[in-house]
Amino acid sequence: MARARRPQPSMPRNEPDERRDDPPSPEPGEAARYPRVRFIGETYRLLFEKNPLPMWVYDVKSLYFLAVNDAAVERYGYSRNEFLRMTIKDIRPPSEVPRLTREIESLDSSTESIGIWRHIKRDGTLIDVEVRGNEIDFDGHRARLILALDITERVRAERVQSALYRITQAASTAENLHELFRSIHGIVGELMPAKNFY
């Protein structure tokens, strides 16, 4: 009586998968220089453009925006064309530009940048943003892909929590009401205008 044979797993074949739109293999030595990400095909373009968080690509040398997604346009209030005529310095308060310049000079192609920054929306509103970025190749440009997470409310809540803690400390250490009110005035003044607080 013949015994049933167990089916053998088929070996993977080295055939191209038509469902994927893989970038071409880098030339020898190219991958070692810096990580490369190419925006190829509809899937990759949609992942960028339709991401719910603001994203952009900027040229490492000129600092001009090369691409921005829909969320960046909506969140910051600039049109896509306005963004593409601006540099990343244009969305920073002047006081943060020297820090930005130092940060960019310190980055190398393999560095993932992570930092907390203040950005300016088109209407002049300042927002606190956690920015993450990686170097990519974008249409032949040495560029960085950036994801920006608005943390304005989180930063504000942390400041209020810190202020409440300091007021509690002041209440337990002040020798008189005048000293306590002066301390509270200074603490509240860091959160909002408080010229006539006491």
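To be clear, the structure that these remarks concern was listed above.
Conventions we followed
- Residues numbered from 1 in each chain as written.
- Predicted model: local features only at pLDDT ≥ 70, side-chain atom pairs only at ≥ 80, totals over all residues.
- Heavy atoms only, no water.
- Core = buried A, V, L, I, M, F, W, Y, C linked by side-chain atoms within 4.5 Å.
- Buried < 20%, exposed > 50% of the residue type's maximum accessible area, 1.4 Å probe, protein only.
- Helix = DSSP H or I, 4+ residues; strand = E, 2+ residues; numbered from the N terminus.
- Contact = heavy atoms within 4.5 Å.
- Pairing = 2+ DSSP bridges.
- Arc of directions from axis to C-beta.
- Polar contact = N/O pair within 3.5 Å; in protein donor to acceptor, adjacent residues only side chain to side chain.

Peer 1: So what's going on with the nonpolar core? Residues and values would help.
Peer 2: In this structure, Trp56, Tyr58, Phe65, Tyr76, Phe83, Ile88 and Ile91 are the most contacted members of the largest nonpolar core, which totals 20 residues. Contributions of two or more residues to this core are made by strand S1 (55-59), strand S2 (65-68), helix H3 (70-76), helix H5 (97-106), strand S4 (126-138) and strand S5 (141-150). Here this core gets three residues from one element, more than from any other, and that element is S4. With residues up to four places along the chain from it excluded, the contact list for Tyr58 reads Leu63, Tyr64, Phe65, Leu66, Ile88, Ile104, Arg142, Ala143, Arg144 and Ile146.

Peer 1: I'd love a proper account of the pairing of S2, names of residues and values included.
Peer 2: Here S1 runs beside S2; their pairing, made up of three bridges, is antiparallel. What sits directly across from Trp56, in S2, is Val68. The antiparallel hairpin formed by S1 and S2 contains five residues in its connecting segment, where Leu63 sits at a positive phi of about 70 degrees.

Peer 1: Please give an account of H5 that cites residues and values.
Peer 2: Of the positions making up H5, those classed as buried are Val97, Leu100 and Ile104. What you see down the axis of H5 is that its buried residues fit within an arc of 55 degrees, all on one side. Projecting away from the buried face of H5 at angles above 90 degrees are the exposed residues Arg102, Glu105 and Ser106. Buried residues along H5 sit in contact with S1 and strand S3 (113-120).

Peer 1: Describe in detail the environment of Val60, supporting the description with residues and values.
Peer 2: Its location among the elements puts Val60 in the loop between S1 and S2. Judged by its relative accessible area of 17%, Val60 is buried. When the C-alpha positions of Val60 and Arg142 are compared, they lie 5.9 Å apart, and in sequence the two are 82 residues distant. When near neighbours in sequence (up to four residues on either side) are disregarded, Val60 contacts Arg142, Ala143 and Arg144.

Peer 1: Would you mind going over the side chain of His119 in detail, with residue names and values included?
Peer 2: Looking at the element boundaries, His119 is found in strand S3. Within the local environment of His119, its side chain forms a polar contact with the side chain of Tyr76, the two groups lying 2.7 Å apart. Residues within four places of His119 in sequence aside, it is in contact with Trp56, Tyr76, Ile91, Arg92, Thr125, Leu126, Ile127, Val129 and Val131.

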